[in-house]
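A look at the structure
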Amino acid sequence: MTGGLVLREHRRSLPASGQAPSAATGLMILVALIVILLAAGVLAWFVSRWSATAARWVSLVAVSVDFALSLALWAGYGSAMSLAPGGAWLDQVNRVWVPQLGIHFHLALDGLSLLLITLTFFLGIISVLASWREIQEGVGFFHFNLMWILAGITGVFLAVDLFLFYFAWELMLVPMYFLIAIWGHERRVYAAVKFFIFTQLSGLLMLISILALYFIHHRQTGVYTFEYDSLLGTHMAPHTALLIMLGFFVAFAVKLPMFPFHPWLPDAHTEAPTAGSIILAGLLLKTGAYGLLRFVLPLFPGAAHRFAPVAMALAVIGIIYGALLAFGQTDLKRLVAYTSVSHLGFVLLGIFVGNSWALDGALMGMIAHGISTGALFMIVGQVQERTHTREMDRLSGLWATIPRLSGSAMFFALGSMGLPGLGDFVGEFLVLIGTYEAHLIGLTIIAVLGVLASTFYALRFVQKAFHGPNVNNWSVNDLRPREVVQLIPMVAILIWLGVYPQPVFNKFNEVLSKIQPTALQQSLHETLSSIAMPPSGGVGCCASTSTPAPPPKKAPPAIRVAGQVEAAKLIYGPAPEYPVAARKARIQGTVRLEAVVAKNGTMQNLRVLGGPPLLIRPALEVVKTWRYQQTLLNGVPVKVVTEIDVNFTLAR
Amino acid sequence: MSASDLFAILPLLILGGTPVVVMVMIAIRRSHALSAALTLIGLAAAFASLWVVVPVTPRQVTALLIVDHYALFYMGLVIAATFVVTLLSYGYFKRQEGDPEEVYVLLLIAALGSAVLVASSHFVSFFLGLEILSVSLYALNAYVHTRRIPVEAGIKYLVLAASSAAFLLFGMALIYAELGTMDFLHIREAIGAAAGASHVVLLVGTAFVITGFGFKLALVPFHLWTPDIYEGAPAPVTAFVATVSKGAMFALLLRYFYWSGTREFAPIFLVFTVIAIASMIAGNLLAMMQNNVKRILAYSSIAHMGYVMVAFLAGGEVAVQAVTFYLVAYFITTLGAFGVISVLSGSEGDADSLEDYRGLFWRRPALAGVFTAMLLSLAGIPLTAGFVAKFYVISAGASTARWLLIFVLIVTSVFGLYYYLRVLVTMYAGLAHEHGAPELPAPAAAGTPKLSLTGGIALAALTILLVWIGVYPASLLHWIHAATSGIV
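Residues numbered from 1 in each chain as written. Chains lettered and ligands numbered in written order. Predicted model: local features only at pLDDT ≥ 70, side-chain atom pairs only at ≥ 80, totals over all residues. Heavy atoms only, no water.

1. Observations concerning the overall build of chain B
Applied cut-off: Comment: elements are numbered from the N terminus, with helices defined as DSSP H or I runs of at least four residues and strands as E runs of at least two. Two residues form a contact once any of their heavy atoms are found within 4.5 Å. All accessible-area figures derive from a Shrake-Rupley calculation using a 1.4 Å probe, and residue coverage is judged against the displayed protein chains alone.
Within chain B one finds 20 helices and two strands. Of all intrachain contacts in chain B linking residues separated by at least 6 positions in sequence, the fraction that spans at least 24 positions is 81%. Approximately 15800 Å² of chain B is accessible, and the part contributed by carbon and sulfur atoms is 73%.

Structure (structure tokens):
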């Protein structure tokens with residue numbers, strides 16, 4: 001029963017090595033992105049001795065330069081990205097850092113990180129502008145911290161050496177801590193310490209997981225390395241994989257924040273200065289989602305799959321819980337903070353549902369949430385700067401005195417509640433469709449209720465603070481030109497994402513095919529019919545039945561396929577993904593699995609009989625999804641024990 | 001003893017000769033600057049002589065001392081730390097009443113004792129080195145005799161150190177009675193020869209030896225002296241007690257337990273595990289309740305020794321490297337932290353109350369910056385040596401799957417974060433703020449002494465080293481690999 005499915009391993013023909021194409025330019029740009037920010041931070045601190053305005057300008061120019069560079073990268077790799085469906089980095093820098101421990105200074109760029117660093121620099125500009133008037137004391141040190149947070153976040157999005165990643169992950173916390181603890185509001189110290197301790201503890205759990213992965217990989221290959229690409233192929237016992245994955249997951253879930261790990265968020269967001277809130281909501285939370293996409297799913301596909309029901313349940317709880325608590329707040333900033341819990345619940349749901357609809361939605365949700373929530377925090381900051389309060393009850397009737405500011409508040413509140421035509425809607429809608437597609441009807445229904453709840457808090461936000469009679473006789477200045485300039489691009493991007501998201505999705509798809517094996521399998525499945533036979537070599541998968549049949553196993557009754565029984569027929573059998581590490585090492589071979597085909601044709605009790613360690617995981621992952629036609633014994637469906645050979649061959 | 005033997009212990013000879021020279025010099029002419037300068041020259045010469053000695057290593061000098069790369073590395077650490085303490089002492093003791101010159105004699109003798117410890121391969125040199133170190137520390141702790149608490153600290157240290165030394169001596173005697181040897185490597189052979197025996201006496205003896213180690217390292221339950229001595233002793237002396245004395249002792253602990261092979265005995269291993277866990281928990285929890293910066297650092301040092309024990313327990317070559325790396329980072333960090341305290345301390349007492357640090361950043365940004373770097377390093381935050389050290393220790397633990405120890409380390413170090421942040425928050429408080437009530441800087445602010453040149457140099461060098469190792473640990477690792485290869 002050979003054949004059936006032979007797929008060309010189509011990535012092979014591309015410059016999959018990745019190192020070759022653009023290492024030289026990458027060296028300049030990727031390192032420069034970080035160095036510019038670090039240097040600007042020091043310079044801003046230094047010049048603030050003479051002029052606070054100079055410090056602001058230094059920061060603004062530095063972030064703008066980085067933003068321009070990231071746009072240049074978009075332009076430069078716009079075409080390359082559509083050519084390189086995963087496997088290869090667009091650009092990278094790789095230097096030995098600590099040879100004794102196998103640590104590399106390895107920054108690499110792909111579509112996902114490019115997207116997120118662009119968002120980082122965009123919100124960076126916004127937060128520098130938002131602090132222009134708000135921060136009047138310790139201006140130099142403030143901008144030092146601001147620049148270093150942005151540098152740390154950029155490092156997180158670019159690092160593909162796990163040590164470097166952890167380094168950047170921890171590094172971004174300290175300046176954030178200072179930002180909250182020094183320039184925050186009334187309960188700033190409490191909020192800052194809480195933030196730091198939550199993130200630090202979860203980060204250390206991730207460190208244990210990183211080290212466990214490092215040593216397991218060493219035991220299998222004899223090589224000490226923190227390289228993402230090398231660790232990808234590490235094979236682990238399911239139980240071990242689950243434990244190690246949980247370490248990563250907790251770190252990212254705290255950042256995200258997922259429902260039981262969120263208590264730091266309302267405090268930190270509320271007490272931080274405006275720039276701090278923008279960066280927290282717009283960027284820091286995204287590092288959690290990024291980590292899930294970049295590390296948890298690709299490194300531990302099996303464990304993540306097993307854990308998905310829990311994650312999805314918590315995500316949905318977060319959606320509802322965040323929305324309800326947001327509805328109950330009277331402090332504007334706290335309200336906006338809780339909406340983040342709800343919105344990021346959608347992102348988490350999308351990531352763990354894991355089909356291409358949901359993943360597209362999650363990514364879109366990340367971007368749109370960054371913009372709309374960032375804008376809301378900025379607006380609340382502007383309101384507070386004028387009125388010195390964030391209490392809804394005291395603010396009623398602002399529309400009369402500051403129509404432009406109130407109008408923008410309403411715009412972004414509508415965005416946040418998921419008004420069609422704006423970015424957030426697209427994200428949440430796609431996540432819901434994806435969840436529905438995955439036959440998770442119950443979760444979909446509850447999540448939809450979350451969307452409904454968001455209507456209540458968004459409308460309450462607008463109605464209580466801005467509408468109604470101006471009982472307190474507020475009379476303050478409306479938006480200044482600088483503030484209008486800040487808001488216009490955010491409005492424009494949100495509308496663009498909402499009305500014409502296709503160009504962004506085009507970028508996403510290549511990104512996703514790399515991140516998410518299951519997404520890849522789906523796309524492979526869809527294009528199965530159109531793929532031709534390979535000219536020479538390729539990944540071949542074939543199920544072979546073992547004959548002669550050994551005696552039937554004891555209960556549950558199952559048969560081994562033999563002569564007089566009609567052999568099981570594969571009806572859905574996508575090809576496995578060729579692991580990057582194995583391909584680099586040019587490992588080929590056959591993974592032999594034993595499986596029981598259940599009466600309904602699904603695969604059960606997969607057991608590995610042998611094969612190259614690096615190839616076992618992808619083979620298992622893909623065979624798990626196979627479906628057979630029912631096997632009939634005397635007309636009755638039965639279980640079948642069968643052996644499956646998955647051949648991995650590289651094209652010459 | 002041949003000439004080449006004498007050549008091999010050249011660093012020890014220089015360290016032994018310098019205090020004599022300084023003492024004679026004081027007898028001729030009392031000059032603070034001159035004594036300090038002579039001390040620095042002597043230490044620099046001893047440091048340089050380490051390279052001169054390298055070609056003849058490893059060399060066993062009599063039955064007592066072994067001069068190998070490991071010993072030389074730790075001697076270098078001891079000498080460098082003493083050098084920094086001398087720089088700090090110069091500024092500090094200039095502001096104290098009384099004659100400051102003899103401090104340097106005592107410091108040099110204490111450094112000699114520590115250097116003997118890291119080179120010992122025999123119980124006799126172990127005990128000799130320990131006593132040379134301890135006796136000078138009694139006097140150093142109480143050196144500022146015009147104030148009450150330093151004297152109290154000195155007496156406390158004297159009583160407790162003497163009794164722990166008695167335990168240690170008894171333990172050594174028991175081990176000798178059982179095995180008939182006091183040489184570390186011979187102990188291993190003797191144990192191997194008597195395989196299958198129950199070794200009760202040996203175990204009891206080892207337990208007493210652990211008491212001796214535990215006291216000097218301030219591991220729970222032998223830690224009770226630590227907060228009082230840290231608080232009472234003059235800040236530079238505290239820095240010495242916290243670094244040189246503990247570091248030398250830990251170096252010896254590694255050598256003794258690896259060479260004698262007693263580390264692998266299940267009861268001993270269990271005892272160490274309990275001690276490590278208790279130290280991490282007690283140190284961090286008790287530090288959270290303190291309001292005195294020196295006491296906070298005292299309890300935090302207990303916890304840090306617990307962390308190092310995790311690496312020690314992990315075993316293998318990685319563990320020795322991790323311990324050594326951690327100690328280097330800990331030396332730099334602790335010297336830096338106590339350095340800041342020393343330069344802020346005036347004649348009427350050390351700057352050790354949390355209130356002394358309120359708003360320091362806005363008054364003395366450079367000093368506060370150094371202290372911030374040191375505290376972040378103690379907390380294990382990136383860009384500092386402490387981060388790489390903590391990473392290395394956890395990685396050593398993970399390499400041999402000591403998950404329980406690692407979990408305790410991680411959870412307790414998060415408690416640790418709390419009190420480091422408390423000090424940090426205090427330093428950065430006091431920005432007159434539009435939202436909060438303005439917090440006024442402490443009135444003590446005006447009285448902080450000017451930064452002395454020597455103190456400034458020491459702190460700047462320590463900070464640069466801290467960041468250098470934190471960002472680029474490869475060079476230090478290279479040294480450590482070379483130094484520790486002979487131990488396992």
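Read on for the rest.
2. Topic: the pairing of strand S7 (residues 589-597) of chain A
Residues and elements named next belong to chain A. Spelled out, the test is: We call two strands paired when DSSP finds no fewer than two bridges between them.
Here S7 runs beside strand S8 (residues 603-610); their pairing, made up of five bridges, is antiparallel. Within the sheet, the bridge partner assigned to Val597 lies in S8 and is Met603. Counting the residues that bridge the hairpin from S7 to S8 gives five residues, and of these Gly601 lies at a positive phi of roughly 95°.

3. Overview of the environment of A:Leu232
Following the sequence through the fold, A:Leu232 ends up in the loop between helix H8 (228-231) and helix H9 (238-255). Separated by 19 residues in the primary sequence, A:Leu232 and A:Leu213 have C-alpha atoms spaced 9.9 Å apart.

4. Focus on the interface of chain A and chain B
In plain terms, the rule: What gets called buried area is simply the loss in accessible area from a 1.4 Å probe that two parts show on being joined, summed for both. We count a salt bridge whenever a side-chain nitrogen from Lys or Arg sits within 4 Å of a carboxyl oxygen from Asp or Glu.
With 40 residues of chain A at the interface, the matching set in chain B holds 44 residues. Taking both partners together, chain A and chain B bury about 3800 Å²; carbon and sulfur atoms supply 80% of that area. Summed over the shared surface of chain A and chain B, the number is zero salt bridges. Ranked by residues supplied to the side of chain A that touches chain B, first place goes to helix H7 (residues 188-221) of chain A with 14 residues.

5. Description of the confidence of the model for chain B
Defined as follows: pLDDT expresses, on a scale from 0 to 100, how confident the predictor is about each individual residue.
Taken as a whole, chain B shows an average pLDDT of 90; of its residues, 96% reach a score of 70 or greater. Segment residues 433-446 of chain B is flagged for pLDDT under 50; beyond a separation of four residues in sequence, or across chains, it makes 19 contacts in the model.

6. Digging into the nonpolar core
Selection rule: Each nonpolar core is a collection of buried residues, namely Ala, Val, Leu, Ile, Met, Phe, Trp, Tyr and Cys, held together in the definition by side-chain atoms within 4.5 Å. Residue exposure (1.4 Å probe, protein chains only): buried if accessible area is under 20% of the type maximum, exposed if over 50%, otherwise partly exposed.
By size, the foremost hydrophobic cluster in this structure holds 399 residues, and its most contacted members are A:Phe248, A:Phe352, A:Phe461, B:Phe126, B:Phe250 and B:Phe312. With 19 residues, the top contributor of residues to this core is helix H14 (residues 316-344) of chain B. With residues near it in sequence (within four places) discarded, A:Phe248 still touches A:Leu162, A:Met206, A:Ser209, A:Ile210, A:Phe295, A:Val296, A:Leu299 and A:Phe300. Membership of the second largest hydrophobic core comes to 18 residues, among which are A:Tyr578, A:Ala595, A:Tyr628 and A:Phe648.

7. Focus on the environment of B:Gly42
By the element assignment, B:Gly42 lies in helix H3 (residues 32-53). Sequence separation between B:Gly42 and B:Pro11 is 31 residues, and the spatial gap between their C-alpha atoms is 9.9 Å.

8. A closer look at helix H6 (residues 173-183) of chain A
A large share of H6(A) lies buried, amounting to eleven of its eleven residues. Those residues of H6(A) not exposed but buried are A:Leu173, A:Val174, A:Pro175, A:Met176, A:Tyr177, A:Phe178, A:Leu179, A:Ile180, A:Ala181, A:Ile182 and A:Trp183.

9. Describing the packing of helix H16 (residues 403-416) of chain A against helix H19 (residues 481-499) of chain A
Residues and elements named next belong to chain A. To be explicit about the condition: Here, axes are lines fitted to C-alpha atoms. For helices the fit covers the stretch in contact, and angles between N-to-C directions go from 0 to 180 degrees. An angle below 35 degrees is read as roughly parallel, one above 145 as roughly antiparallel, one from 65 to 115 as roughly perpendicular, and any other as oblique. Note on convention: near helix rotated counterclockwise from far helix by under a right angle means a left-handed crossing. Clockwise means right-handed. Under this grouping Gly is polar, as are all residues other than the nonpolar Ala, Val, Leu, Ile, Met, Phe, Trp, Tyr, Cys and Pro and the charged Asp, Glu, Lys and Arg.
For the pair H16 and H19, interaxial distance at closest approach is 11 Å and the crossing angle is 30°. As summarised for this structure, H16 and H19 are arranged roughly parallel, according to the angle between their axes. Of the two possible hands of crossing, H16 and H19 adopt the one that is left-handed. Across the interface between the two elements, Ser408, Phe411 and Phe412 from H16 touch Leu487, Met490, Val491, Leu494 and Ile495 from H19. A per-class count over the contact of H16 with H19 returns seven nonpolar, one polar and no charged.

10. What to know about a nonpolar patch on the surface
Residue and element names in this part refer to chain A. Basically, it comes down to this: Grouping into patches uses exposed residues only, defined as over 30% relative accessible area, and leaves out salt-bridged ones; the cut-off is 9 Å for like charges and 5 Å for nonpolar side chains (Val, Leu, Ile, Met, Phe, Trp, Tyr).
A cluster of nonpolar side chains, namely Phe327, Tyr436, Ile441, Ile445, Ile446, Leu449, Leu452 and Phe456, defines an oily patch on the protein surface of about 780 Å² accessible area. Of the residues forming the nonpolar patch, the biggest block, six residues, is contributed by helix H18 (residues 441-465). Relative to the assigned elements, Ile446 resides in helix H18. A relative accessible area of 36% means that Ile446 is categorised as partly exposed.

11. Here we look at the packing of aromatic side chains
Convention followed: The pairing test for Phe, Tyr and Trp rings, Trp by its six-membered ring, is centres within 6.5 Å, and the orientation test on the planes gives stacked under 30 degrees, edge-to-face over 60, and tilted for anything in between. Note on criteria: charge over ring means Lys NZ or Arg CZ within 6 Å of the ring centre, with the direction from the centre no more than 35 degrees off the ring normal.
Counting across every chain of the model gives 80 aromatic pairs over all chains. With 5.5 Å between their ring centres and 50° between their planes, B:Trp468 and B:Tyr472 make a pair best called tilted. An aromatic cluster is defined as three or more aromatic residues linked by ring pairs; in this entry it consists of A:Trp45, A:Phe141, A:Phe142, A:Phe144, A:Trp148, A:Tyr177, A:Phe178, A:Trp183, A:Phe196, B:Phe361, B:Trp362 and B:Tyr428. Cation over ring: A:Arg294 sits above A:Tyr228, and NZ or CZ is 6.0 Å from the ring centre. Against the face of B:Tyr258 rests B:Arg263, its NZ or CZ located 5.2 Å from the ring centre.

12. Remarks on the confidence of the model for chain A
Residue and element names in this part refer to chain A. Per-residue confidence for chain A gives a mean pLDDT of 80; residues scoring 70 or more make up 81%. Summarising per-element confidence for chain A, the mean pLDDT is lowest in strand S1 (residues 5-7) (31) and highest in helix H4 (residues 139-158) (94). Below pLDDT 50 for its whole length, residues 1-26 participates in 65 contacts with residues either more than four positions away or in separate chains. Below pLDDT 50 for its whole length, residues 79-86 participates in 16 contacts with residues either more than four positions away or in separate chains.

13. Here's the deal with H16(A)
Residue and element names in this part refer to chain A. Threshold: A helix is expected to span 1.5 Å multiplied by its residue count minus one.
Taking 1.5 Å as the rise per residue, H16 with 14 residues should run 20 Å; its terminal C-alpha atoms sit 20 Å apart, in good agreement. Within the sequence span of H16, burial applies to Leu405, Ser406, Ser408, Ala409, Phe412, Ala413, Gly415 and Ser416. Close packing links the buried residues of H16 with helix H13 (332-353), helix H14 (356-387), helix H17 (423-437), H18 and H19. Phi turns positive one or two residues past the end of H16, at Gly418, with a value near 90°.

14. As for the pattern of salt bridges
Residue and element names in this part refer to chain B. Per the counting criterion, the structure on display carries 25 salt bridges over all chains. A salt bridge links Arg147 to Asp350; its shortest N-O distance comes to 3.5 Å. One end of the pair, Arg147, is in the loop between helix H6 (123-141) and helix H7 (148-179); the other, Asp350, is in the loop between H14 and helix H15 (360-363), and 203 residues separate them in sequence. What makes Arg147 buried here is its relative accessible area of 15%.

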